[in-house]
Amino acid sequence: LLELIEACSGRAYDKPRPKKETLRIKQIDACNNALNYCKSQGIKFAASAEDFVDGVEKMILAAVYAIIIKYIKLDEDDSESSDIKEALLVWLRNKTNGYENVQVENFTKSFHSGLIFCALIHKHRPKLIDY
């Protein structure tokens, strides 16, 4: 979560990195710290620390989407932003090519079903989702 925010925002996390914990309560505490950082960056989503620790895919994907939307400008007015948008669409088309019922046309209706996210996850980690 923190690495995604750093990659999208271009800013480093200014606190010590949480270490990998084995106890559930410590995992939840570490996740809560990361979620507090998200909130301080103005990122809003409904996922809780327990959702992350328990691996609730729907909530985690919604959080990832909220982070990406926060930092990637997709305004039609800005030509640089428009180039980024088109490049991202091309990348999505290439990664999801051949997946049944996945058609990447835009960032609104194409994402409603969630199949693009599922196809991307399956493309990179086929064991996580049976597509």
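Structure first, text after, so check above.
This structure is a prediction, so every number in the text was calculated from the model and none was measured.

Visitor: How should I be thinking about the side chain of S110 in this particular structure?
Guide: Positionally, S110 belongs in the loop between α5 (79-96) and α6 (115-124). For S110, a relative accessible area of 11% gives the class buried. A polar contact of 3.3 Å, which involves the side chain of S110, links it to the backbone oxygen of Q103. Contacts of S110, omitting those with residues within four sequence positions, involve Q103, V104, E105 and I116.

Visitor: Can you help me understand the layout of surface pockets in this one?
Guide: Empty space among the atoms can be located by rolling a probe the size of a water molecule over them. One number sums up the size of the largest pocket: a volume of about 520 Å³. Together, 21 residues line the largest pocket, and L61, V64, I68, F117 and L120 are the ones closest to its centre. Counting only elements with at least two residues in the lining of the largest pocket, the list comes to α4 (57-71), α5 and α6. For the lining of the largest pocket, a count of residues per class yields 18 nonpolar, one polar and two charged. In this model, the second largest pocket occupies a volume close to 440 Å³. Along the wall of the second largest pocket there are 14 residues; nearest its centre are P18, K19, K20, A30 and C31. Those elements giving two or more residues to the lining of the second largest pocket turn out to be α1 (2-9), α2 (24-40) and α3 (49-54). A class-by-class count of the residues in the lining of the second largest pocket yields eight nonpolar, one polar and five charged.

Visitor: Got a minute to help me understand the environment of F117 in this structure?
Guide: Relative to the helices and strands, F117 is located in helix α6. You can call F117 buried: its relative accessible area is 18%. For the pair F117 and L61, spaced 56 residues apart in the sequence, the C-alpha separation amounts to 7.7 Å. Those residues within four positions of F117 in sequence are excluded, and the remaining contacts are L61, Y65 and F111.

Visitor: Is there a simple way to explain the environment of Y65 in this structure?
Guide: Secondary-structure assignment places Y65 in helix α4. Note: C-alpha distance between Y65 and A49 (16 residues apart in sequence) is 17 Å. Excluding anything up to four places from it in sequence, Y65 contacts F107 and F117.

Visitor: Would you mind showing me how to read α2 here?
Guide: One full turn of an α-helix is made of 3.6 residues, so residues set three or four places apart face in the same direction. For α2, built from 17 residues, the straight-helix expectation of 24 Å at 1.5 Å per residue is met to within 8% by its first-to-last C-alpha distance of 24 Å. Along α2, the positions that sit buried rather than exposed are I28, A34, L35, Y37 and C38. On its buried face, α2 is in contact with α1 and α3. Backbone geometry just downstream of α2 places G42 in the positive-phi region, at approximately 85°.

What counts, and at which threshold
Residues numbered from 1 in each chain as written. Predicted model: local features only at pLDDT ≥ 70, side-chain atom pairs only at ≥ 80, totals over all residues. Heavy atoms only, no water. Helix = DSSP H or I, 4+ residues; strand = E, 2+ residues; numbered from the N terminus. Buried < 20%, exposed > 50% of the residue type's maximum accessible area, 1.4 Å probe, protein only. Polar contact = N/O pair within 3.5 Å; in protein donor to acceptor, adjacent residues only side chain to side chain. Contact = heavy atoms within 4.5 Å. 1 Å grid on protein atoms, 1.4 Å probe; cavity = no way out; pocket = protein on both sides within 12 Å on 5 of 7 lines; lining within 4 Å. Points joined across faces, edges and corners; volume = space filled by probe spheres on them. Nonpolar A, V, L, I, M, F, W, Y, C, P; charged D, E, K, R; others polar. Expected span 1.5 Å × (residues − 1).

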